[in-house]
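Descriptive analysis of the structure
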Amino acid sequence: MITIYPAARILTMDERRPIASHVAVRDGRIVGVGEREALDRLGNAVIDARFAQKVVMPGFVEAHCHITEGTYWRYAYVGYFDRIDPLGRVWRGCESVDAVIARLAELDSTSKGSDGPLSAWGLDTIHYTGSGCTRVDLDRVSKERPIGALHASGHTLSVNSRALQLAGLLRTGIDHPGVPLGDDGLPTGELRGPEPMTLVGSHVGFDRNLLACDEAGLRAFGRLCVRAGVTTATDMASLLASEAVDLMRRVTGEPGFPVRILCARRLQGMPPAALVARALELRGFSTDRMRLGAIKIVVDGSIQGFTARLLPPGYFNGAPNGLWYVTREALTETFELALANDLQVHTHANGDEAIELVLDCFERALDGRTVDDHRCTIQHAQLAGDGQFRRMRALGLCVNLFANHIFHWGEEHRAVTVGPERASRMNACASALDAAVPMAIHTDAPVTPLRPLFGAWCAVNRQSAVGRILGETERIGVAQALRAITLGPAYTLRLDDEIGSIEPGKRADFAILEDDPIQVSAADLRNVRVWGTVQDGRVFPAGAAS
Amino acid sequence: MTTPIPVAVVGGYLGAGKTTLVNHVLRHAQGMRLAVLVNDFGSLPIDAGLIESQASDVISLAGGCICCSFGSDLMGTLMALSDRVPVPDHVLIETSGVAIPGSVVRSVALLSSFRVRRVVVVVDAKSIIEQAADRYVGSTIERQLRDANLVVLNKIDLVSTDATEPLHAWLAFAAPGVERRETTHGMIPLEALFADGHNPQPRGLAEMDDADAHFESEAFVPDGPVDVAALAGALLACDVVRAKGVLLDLDGALKVLQVASGRHVVTPCERTGRPVTGLVCIALRGRMDRARLRDAFALAMRPAMPRRLSHDPGLS
């Protein structure tokens, strides 16, 4: 049976036929695109007019996020900006530490009698004046229950005195860069980096194993994708233990699961040869909605956490250079083995020195050969310079830029981390396109909200949270930005033959919009409303996603 | 409170011979229950004859030793280790080739059930100088060496006699005052790894990569006794982020003064003989108030003079 959907406008992202009015679907595949009369050739068809007043785009592709975006919603949201939960409720941003405390106090009072932990996420203290969110602040909520609030970056955890006490850290004499001390010699309660966070995390409800494999969280993630217009997403730093793979295969295989997820296995806990063997094994477990076999490598840390590796002049505030998370040898060997086995590698590199290392190692792995169409991708590449983009092009690499950073942390980057010059060329979308590097943009949810259209707005406007334009010349056009959330990321995931544009033969994956992103002003791109999605021909209204 | 379990951290760049050393230690455990923590098992080819049982992240060996892979979760692995019955006699942590040992030491110190005794940095005697000049990992290797309190010069047999002396001279610069042992095939006796009296002091400036670009320093070489406690307090007010030195206190005793993480610590000096006294203060570039700092030095030098307190009778 063929279904024909008339729409107010279809933005196909197919350059040969950019605009259409009707799309025909059979068995989850697109069989025709064009004007009504042109589709008569298809014979008997059902006309489904529910999108007649809507704008249809290819389903958005989020090529770098984490399914923990779904899991975190079991905790209280205390971020600075408004955010929509999987059930569609808008949680107002907390505009001060007092607002954070108030939300936690409310949570405490609704769970009176429990002595279990109070857990929150999304905390973003750089927007607050004063000294962040310390144990003294959180003690105002409770001194009896352990409390933990994970910061938006995921790299810092604020906890109260009780949580520190349970972890054995409410004592003097601690000497650790991730455990700042107050005037009384006791930890302030702001814990930075994985070691102190792990130590306290289990006492405040952030258990690593729990987060890695969570059925309810996966379903919530699916609902968030529908709200954001996303039909293909990723889980970019998974360890993919067998039980996690089984669970994800089962849940994503349920008839009502609305999104296709590509999971990359991280280089961790095994040497390159074993990783490549495991990735090949995982590839065999792929299903239609769970794609396995890709590899993820983390080369450095984050810029706002001062753990990214920077070339001179280094950090603007004089902080020491960041950390390497992989050896050059392991990086090169993984590239070599992956190229030999036709496996795709996604490499996290934020700082320009880390990007330089990736380029050098990849060049060495290629060893003068040309490997067609490997599509290995540098993830984030926030500080990539023009020369580095040109080298990416020469080596056949793709790039996935973190455009949202300009809004969320642009002011921080300008004033503290890299200074005004480099802040205005971070996530340089225009330079990447000028160098003809295949490009995508991503949200890295839950680091920033899963909203590709917001990311597109960031790439088009490059506006910080206070409205300052950071790097006018790196702004890209709306059409280019829309490509960077559809066909662009599909290409970096090697799925562009299946998804990313609306043309016959591709999957019937659509983002259904209430407004036309081409017609609204560039400044309004972030306000374009999402009705829901069609994924593999299955219709998912966001309003019903509960 | 039970006695903390002694820990040795074994660091050093890839190929230095860390794994060989760990394997040697496992084969010569002398009846001790060792727990060896490695990033992953892939790099640790344990003799099959030694393995009693194997789970996904713990291998039990004949004689009571175990091997654990910690991947990204060193803290979780250590916490699980302190719950084991019986607890291990010693823990040996083999870090990744790019890990900074001082960071590992400070993380282990967050757990009161463990105490790091040794920070061993293994170097490939033949190639360490070349590696330290590498544009990417050179600074990491320098940081590793600065954190060591035992440098193992492995593969020393590959170094010609002529080259040995310059190598030691180079290491005396890269890791000043640190014990060095030459060896081949990682053959280090167990007692060298867990010997008492070697509590590591992660060198205060270890994490300050490329220090000149970001920091500036001011040295203080007094020619007499100093009010160490008063000076310590004054340094913090001058935006000093790090300071370390040995000073002669008013009571005639030598004291070690350290400033880090916004705190100062004064401890008795253990060194014998007549150590050179002096203090180096480090501040973020542009933040060092040298005039104020020199005032603080001057004031600390003549503490016996009564301070003028006439403006503040409440303190007299």
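Residues numbered from 1 in each chain as written. Chains lettered and ligands numbered in written order. Predicted model: local features only at pLDDT ≥ 70, side-chain atom pairs only at ≥ 80, totals over all residues.

**Regarding the nonpolar core**
Among the nonpolar cores identified, the biggest contains 240 residues, and Val200 and Val399 of chain A together with Leu92 and Val120 of chain B are the most heavily contacted of them. Here the element with the most residues in this core is helix 11 (residues 352–366) of chain A; it accounts for 8 residues. Ignoring sequence-local partners within four residues, the contact set of Leu92 of chain B consists of Ala8, Val10, Val22, Val25, Leu34, Val36, Leu37 and Leu193 of chain B. (Core = buried A, V, L, I, M, F, W, Y, C linked by C-beta atoms within 7 Å. Buried ≥ 20, exposed ≤ 12 C-beta atoms within 10 Å, placed from the backbone. Helix = DSSP H or I, 4+ residues; strand = E, 2+ residues; numbered from the N terminus. Contact = placed C-beta atoms within 7 Å.)

**Describing unusual backbone geometry**
In this structure, Pro446 of chain A follows Ala445 of chain A across a cis peptide bond, with omega equal to 10°. Tracing the backbone through its elements, the reader meets Pro446 of chain A in the loop between strand 20 (439–441) and helix 17 (452–461). Cis geometry is found at the peptide bond from Val85 of chain B to Pro86 of chain B, where omega equals -10°. The residue Pro86 of chain B is located in the loop between helix 2 (74–82) and strand 6 (90–94) in this model. At Asp444 of chain A, a residue that is not glycine, the phi angle is positive and equals roughly 55°. Tracing the backbone shows Asp444 of chain A in the loop between strand 20 and helix 17. Judged by the 24 C-beta atoms lying within 10 Å of it, Asp444 of chain A is buried.

**Looking at the environment of Val25 of chain B**
Here Val25 of chain B is to be found in helix 1 (residues 18–27). The spacing of Val25 of chain B and Gly186 of chain B is 161 residues in sequence and 8.6 Å in space, taken between C-alpha atoms.

**Describing the packing of helix 9 (residues 272–283) of chain A against helix 10 (residues 328–340) of chain A**
Residue and element names in this part refer to chain A. In the contact formed by helix 9 and helix 10, the axes pass within 9 Å of each other and the chain directions differ by 35°. Handedness of the helix 9/helix 10 crossing: right-handed. Residues Pro272, Ala273, Leu275 and Val276 of helix 9 lie in contact with helix 10, whose contacting residues are Ala330, Glu333, Thr334, Leu337 and Ala338. For the contact of helix 9 with helix 10, the residue count by class is 7 nonpolar, 1 polar and 1 charged. (Axes fitted to C-alpha atoms, helices over the stretch in contact; angles between N-to-C directions. Left-handed = near helix turned anticlockwise from the far one by under 90°. Nonpolar A, V, L, I, M, F, W, Y, C, P; charged D, E, K, R; others polar.)

**Topic: helix 17 of chain A**
Because each turn of an α-helix spans 3.6 residues, side chains separated by three or four positions in sequence point in the same direction. Residues and elements named next belong to chain A. Within helix 17, 10 of the 10 residues are buried, leaving the element largely enclosed by the surrounding structure. For helix 17, every residue scored as buried is listed here: Pro452, Leu453, Phe454, Gly455, Ala456, Trp457, Cys458, Ala459, Val460 and Asn461. Just downstream of helix 17, Arg462 is the residue with a positive phi angle, here 45°.

**Focus: the sheet that holds strand 12 (residues 156–159) of chain A**
All names here are of chain A. If you walk across this open sheet you meet the 5 strands as 7-10-11-12-13, and the pairing is mixed. Bordering the open sheet on either side are strand 7 (76–77) and strand 13 (190–192), each of which pairs with just one other strand. One ladder, built from 2 bridges, connects strand 7 with strand 10 (residues 118–123); its direction is parallel. Across the sheet, residue Tyr77 finds its bridge partner in strand 10, namely Trp121. Contacting strand 7, strand 10 and strand 11 (147–151), helix 2 (residues 97–110) crosses the sheet at an angle of about 150° to strand 10. (Pairing = 2+ DSSP bridges.)

**Let's talk about the domain arrangement of chain A**
Residue and element names in this part refer to chain A. What the domain assignment lists for chain A is domain 1 (76–204) and domain 2 (210–539). One C-alpha centre belongs to domain 1, the other to domain 2, and the line joining them spans 29 Å. Facing 9 residues of domain 1, the contacting portion of domain 2 comprises 10 residues. Of the residues assigned to the side of domain 1 that touches domain 2, the class counts are 4 nonpolar, 4 polar and 1 charged. (Domains from an automatic or database assignment.)

**Comments concerning the sheet that holds strand 6 of chain B**
All names here are of chain B. Spatial ordering of the open sheet is given by 3-4-5-2-6-1-7-8-9, a layout of 9 strands whose pairing is mixed. The outermost strands of the open sheet, each flanked by one partner alone, are strand 3 (51–54) and strand 9 (179–182). Recorded for the sheet is a direction-independent mean angle of 20° between the axes of neighbouring strands. Pairing of strand 1 (residues 5–11) with strand 6 involves 4 bridges; the strand directions are parallel. Within strand 6, the position partnered with Val10 by the bridge is Glu94.

**Digging into helix 9 (residues 228–237) of chain B**
All names here are of chain B. Inspection of helix 9 places Val228, Leu231, Ala232 and Leu235 among the buried residues, and these make up the whole buried set. The buried side chains of helix 9 occupy one side of the element, clustering within an arc of 105° when seen end-on. Among the residues trailing helix 9, Asp239 stands out with phi positive, at a value near 65°. (Arc of directions from axis to C-beta.)

**Side note on the interface of chain A and chain B**
Facing the 30 residues of chain A at the interface are 34 residues of chain B. Of the residues assigned to the side of chain A that touches chain B, the class counts are 15 nonpolar, 10 polar and 5 charged.

**Observations regarding the confidence of the model for chain B**
Should the pLDDT be low somewhere, the predicted coordinates at that spot are not to be read in detail. Residues and elements named next belong to chain B. Scored by pLDDT, chain B comes out at a mean of 81, with 84% of its residues at no less than 70. Counting interchain partners and residues more than four positions distant, the pLDDT-below-50 stretch residues 197–212 has 40 contacts. Contacts from residues 304–316, a stretch scored under 50 in pLDDT, to residues over four places away or in other chains number 2 contacts. As a predicted assembly, this complex carries a pTM of 0.83 together with an ipTM value of 0.82. (pLDDT = per-residue confidence, 0-100.)

**Quick look at the pairing of strand 22 (residues 530–535) of chain A**
All names here are of chain A. By the criterion of burial, strand 22 is predominantly enclosed, with 6 of the 6 residues buried. Where strand 21 (residues 510–513) and strand 22 come together, 4 bridges link them in antiparallel fashion. What sits directly across from Ile512, in strand 22, is Gly532. Alignment of strand 22 against strand 23 (residues 538–541), held across 4 bridges, turns out to be antiparallel. Residue pairing across strands places Val534 opposite Val539, the latter belonging to strand 23. Hairpin connection, strand 22 to strand 23: the antiparallel pair is bridged by 2 residues, and Asp536 has positive phi, about 50°.

**Side note on the environment of Met290 of chain A**
All names here are of chain A. Looking at the secondary structure, you find Met290 in strand 16 (residues 290–298). Note: C-alpha distance between Met290 and Asp137 (153 residues apart in sequence) is 43 Å. Those residues in contact with Met290, other than ones at most four positions away along the chain, are Met248, Arg249, Thr252, Ile261 and Cys263.

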